[in-house]
Amino acid sequence: MNAEIIAVGSELLLGQITNTNARFLSQHLAEIGVNIYYHTVVGDNEQRLEEAVKLAQKRADLIIFSGGLGPTKDDLTKETIARLIGTTLEYNEEALVSIQAYFDKTGRVMTENNKKQALVIKDSKVLANDNGMAPGMFAKSDGKYYMLLPGPPREMQPMFLNYGRPEILNVMEKVERIESRVLRFFGIGESALETEIDDILIKQTNPTIAPLAGDGEVTLRITAKHESPEEAVRMIQQAEDEILERVGHYFYGYGETTIAAELAGRLKEKQLTIAAAESLTGGLFLGELTAIPGMSAHIKGGVVCYTNEVKEHVVGVKKETLTKYGAISRECAKELAEKIRQLCGSDIGIGFTGVAGPAGLEGHEPGTVYLAIAAEGQETIVHPLKMAGSRDGVRKRSVRYGCHYLLQLLS
């Protein structure tokens, strides 16, 4: 079954509220194997709503509406749908009683226009509203299904789960489970990752693989459809294994996790402590880690060392290093990592130095970054980086690279 979701309300187009209903419905429809190919948002205008419905009728078996069922003149959804499918509206006595009871319970007087909310499409299945007034509807005409739901999420969500979803399941010839898994990668661009798995992407059918770049990292969403949820999960795992054979070096986690959260988990798992000397990043690295609960046992401390005086007199970078190589150098980064580890008595020390921009510094272009990691019993590693983008972007990506290299070290 293919479905389209049409959200009705000018407030959505004006940006006054966010269309969270579409996301909710898409997630729950995917779970029962309903394909969502289009989301549409239309204002409180009968002509434009009619145009949206006629277009949806050409490409969907099921059209789900949210909004436009209220008591005011601009609530036009059910009137428009009834006219388009060649039927009328009629009062539903149960809904009318429920609306009157709602007003009695809240101690308000029901105005005449509120009776409009008890009007439903003739011969439709009425969906009770346990959290508001306007009932929903489920109707069929010319082989197409129409589900009308109220706009407020606190009314729409329970109505759909308790009454709407079962109605859809009743009319589906075949129920397939859609399972998804999101893989997160850092240290490789979207185009480079796609090149590595190009043949896998070309041959994909079921499961499907969708790359998405954003905020300096890449995600892959693997989606499989099968009548058996277990088989769908097996299919996803098989695709994941094939992908990670190629680009597993850049993989760091699943779903909504962050690279800082994964690093925190690794430090906890291995019972290690860390300290940071941050020039370029100005405390952002430790800010990310300290935002995660339970990290007090694993963060020894840190220093924001923007000036050479602080690098030298607080962290302990040699004056000769700063004079000979400068603050923006692999030598300075190396000493920052080593000295902060010694200063704080941690298992690991990390040092950040570089030029965030917008202007250059010490003859280095913006985006020039050095980060170093010093671990007990190991040789200090310095990672030189060249980054493009805004000052804020360079600083944030530097932090993520620090997490990335630490995860590799601790794998």
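Residues numbered from 1 in each chain as written. Predicted model: local features only at pLDDT ≥ 70, side-chain atom pairs only at ≥ 80, totals over all residues. Heavy atoms only, no water.

In the annotation of an unreviewed UniProt entry, the protein chain is listed under the name Putative competence-damage inducible protein and assigned to Domibacillus antri. Quoted verbatim from the Sequence similarities (unreviewed entry) field of UniProt, the annotation for the protein chain is "Belongs to the CinA family." (UniProt positions renumbered as here; feature names shortened; annotations may be inferred.)

Q: Help me understand the overall build of the protein chain, please; the structure alone is not making it clear to me.
A: Each helix and strand counted, the protein chain has 15 helices and 17 strands in total. The C-alpha radius of gyration computed for the protein chain amounts to 29 Å, which surpasses the reference 22 Å derived for 411 residues by more than 25%, pointing to a less compact arrangement than a globule. Referenced to the eigenvectors of the C-alpha coordinate spread, the extents of the protein chain come out at roughly 90 × 50 × 40 Å. Per-residue burial over the protein chain gives 48% buried out of 411 residues. Within the protein chain, contacts between residues at least 6 apart in sequence are counted, and of these 67% link residues at least 24 apart. Carbon and sulfur atoms provide 48% of the accessible area of the protein chain, an area that totals close to 19,900 Å². (Helix = DSSP H or I, 4+ residues; strand = E, 2+ residues; numbered from the N terminus. Rg over C-alpha atoms; globule rule 2.2 N^0.38 Å. Buried < 20%, exposed > 50% of the residue type's maximum accessible area, 1.4 Å probe, protein only. Contact = heavy atoms within 4.5 Å. Areas by Shrake-Rupley, 256 points an atom, 1.4 Å probe, with all protein chains shown as cover.)

Q: Just checking my understanding: could you explain the pattern of salt bridges for this structure?
A: Once the charged atoms of two side chains with opposite charge are near each other, the side chains can pair. Here the structure, examined in full by the defined rule, presents 14 salt bridges. Of the charged contacts in the structure, one is a salt bridge between Glu217 and Arg184, with a shortest N-O distance of 2.9 Å. Here Arg184 lies in strand β9 (residues 177–185) and Glu217 lies in strand β11 (residues 217–226), a separation of 33 residues in the sequence. Here Glu217 matches Arg184 in class, with each residue buried. For Lys396, the salt bridge identified is with Asp392, shortest N-O distance 3.1 Å. (Salt bridge = Lys/Arg side-chain N within 4 Å of Asp/Glu carboxyl O.)

Q: Could you clarify how one ought to interpret the sheet that holds strand β13 (residues 274–278) in this entry?
A: The pairing of strands in a sheet comes from backbone hydrogen bonds and takes either a parallel or an antiparallel form. With respect to topology, five strands assemble into an open sheet ordered β14-β13-β15-β16-β17, the strand pairing being mixed. The open sheet is flanked by β14 (299–304) and β17 (381–386), the only strands paired with a single partner. Between one strand axis and the next, the sheet turns by 15° as a mean value, whatever way the strands run. Bridge count between β13 and β14: five bridges; the pairing is parallel. When the bridges of β14 are listed, Glu278 appears paired with Val304. Against the sheet, helix α15 (residues 391–409) contacts β13, β15 (348–354), β16 (368–375) and β17, and its axis sits at roughly 30° relative to β16. (Pairing = 2+ DSSP bridges. Axes fitted to C-alpha atoms, helices over the stretch in contact; angles between N-to-C directions.)

Q: Looking at this model, I keep getting lost on the environment of Glu231. Mind explaining?
A: When you line up the elements, Glu231 lands in helix α9 (residues 229–247). A polar contact is formed between the side chain of Glu231 and the side chain of Arg234, at a distance of 2.7 Å. (Polar contact = N/O pair within 3.5 Å; in protein donor to acceptor, adjacent residues only side chain to side chain.)

Q: Sorry if this is basic, but what is going on with the pairing of strand β1 (residues 2–8) here?
A: Look at any regular strand and the pattern is simple: side chains alternate between the two faces of the sheet. Most of β1 sits inside the fold, with six of its seven residues counted as buried. Judged from the seven bridges that link them, β1 and strand β2 (residues 35–42) form a sheet pairing that is parallel. Among the inter-strand pairings, Ala7 is bridged to a residue of β2, identified as Val41.

Q: Would you mind showing me how to read the layout of surface pockets here?
A: The method is simple in principle: a probe with the dimensions of a water molecule rolls over the atoms, and the space it marks as empty is what remains. The calculated volume of the largest pocket comes to roughly 710 Å³. Around the largest pocket, the lining is made up of 25 residues, and of these Ala30, Ile178, Ser180, Arg221 and Thr223 lie nearest the centre. Those elements that place two or more of their residues in the lining of the largest pocket are α2 (20–31), β2, β9 and β11. Among the residues forming the lining of the largest pocket, the class breakdown is eight nonpolar, ten polar and seven charged. Each of domain 1 (2–171) and domain 2 (177–254) gives at least three residues to the lining of the largest pocket. Of the voids in this model, the second largest pocket is the one considered here, and its volume is about 490 Å³. Taken together, 24 residues make up the lining of the second largest pocket; nearest its centre are Arg184, Gly214, Asp215, Glu217 and Tyr252. Listed by contribution, the elements that provide at least two residues to the lining of the second largest pocket are β9, β10 (208–214), β11, α10 (259–270), α11 (284–290) and α15. The element best represented in the lining of the second largest pocket is β10, accounting for five residues. (1 Å grid on protein atoms, 1.4 Å probe; cavity = no way out; pocket = protein on both sides within 12 Å on 5 of 7 lines; lining within 4 Å. Points joined across faces, edges and corners; volume = space filled by probe spheres on them. Nonpolar A, V, L, I, M, F, W, Y, C, P; charged D, E, K, R; others polar. Domains from an automatic or database assignment.)

Q: Help me understand the packing of aromatic side chains in this model?
A: Taken as a whole and assessed by the stated rule, the structure comprises seven aromatic pairs. Aromatic side chains Phe138 and Tyr145 sit 5.6 Å apart centroid to centroid with 5° between the ring planes, which places their arrangement in the stacked category. This pair shows no difference in class: Phe138 is buried, exactly as Tyr145 is. These aromatic residues form a ring-pair network of at least three members: Phe185, Phe251 and Tyr254. (Phe/Tyr/Trp six-rings, centres within 6.5 Å; stacked < 30°, edge-to-face > 60°.)

Q: What exactly am I supposed to notice about helix α4 (residues 77–84) here?
A: Residues that lie three or four places apart on an α-helix share one face, since the helix turns once every 3.6 residues. Thr77, Lys78, Thr80, Ile81 and Ala82 are the residues of α4 that are buried. Positive phi shows up at Gly86, right after α4, with a value of about 75°.

Q: Whenever I open this one, the packing of α10 against α15 confuses me. Can you help?
A: Running from N to C, α10 and α15 point in directions that differ by 35°, and their axes come no closer than 9 Å. When the axes of α10 and α15 are compared, the crossing they make is left-handed. Between α10, through Ile259, Ala260, Glu262, Leu263 and Arg266, and α15, the contact on the second element is made entirely by Arg400, Cys403, His404, Leu406 and Leu407. Considered class by class, the residues forming the contact of α10 with α15 number six nonpolar, one polar and three charged. (Left-handed = near helix turned anticlockwise from the far one by under 90°.)

Q: I would appreciate a short explanation of the nonpolar core in the present structure.
A: Nonpolar side chains tend to gather and get buried jointly when the protein is soluble and globular. Judged by nonpolar contacts, the single largest core of 35 residues is most densely connected at Leu263, Leu267, Ile274, Phe285, Ile348, Ile350 and Leu406. Of all the secondary-structure elements, those providing two or more residues to this core are α10, β13, α11, β15, β16 and α15. Here the element with the most residues in this core is α15; it accounts for seven residues. Each residue touching Ile274, except ones within four places of it in the same chain, is listed here: Leu267, Phe285, Leu289, His298, Ile299, Lys300, Gly301, Ser346, Ile348, Ile350 and Leu406. Of all hydrophobic cores here, the second largest spans 21 residues; its members include Val53, Ala60, Ile85 and Val120. (Core = buried A, V, L, I, M, F, W, Y, C linked by side-chain atoms within 4.5 Å.)

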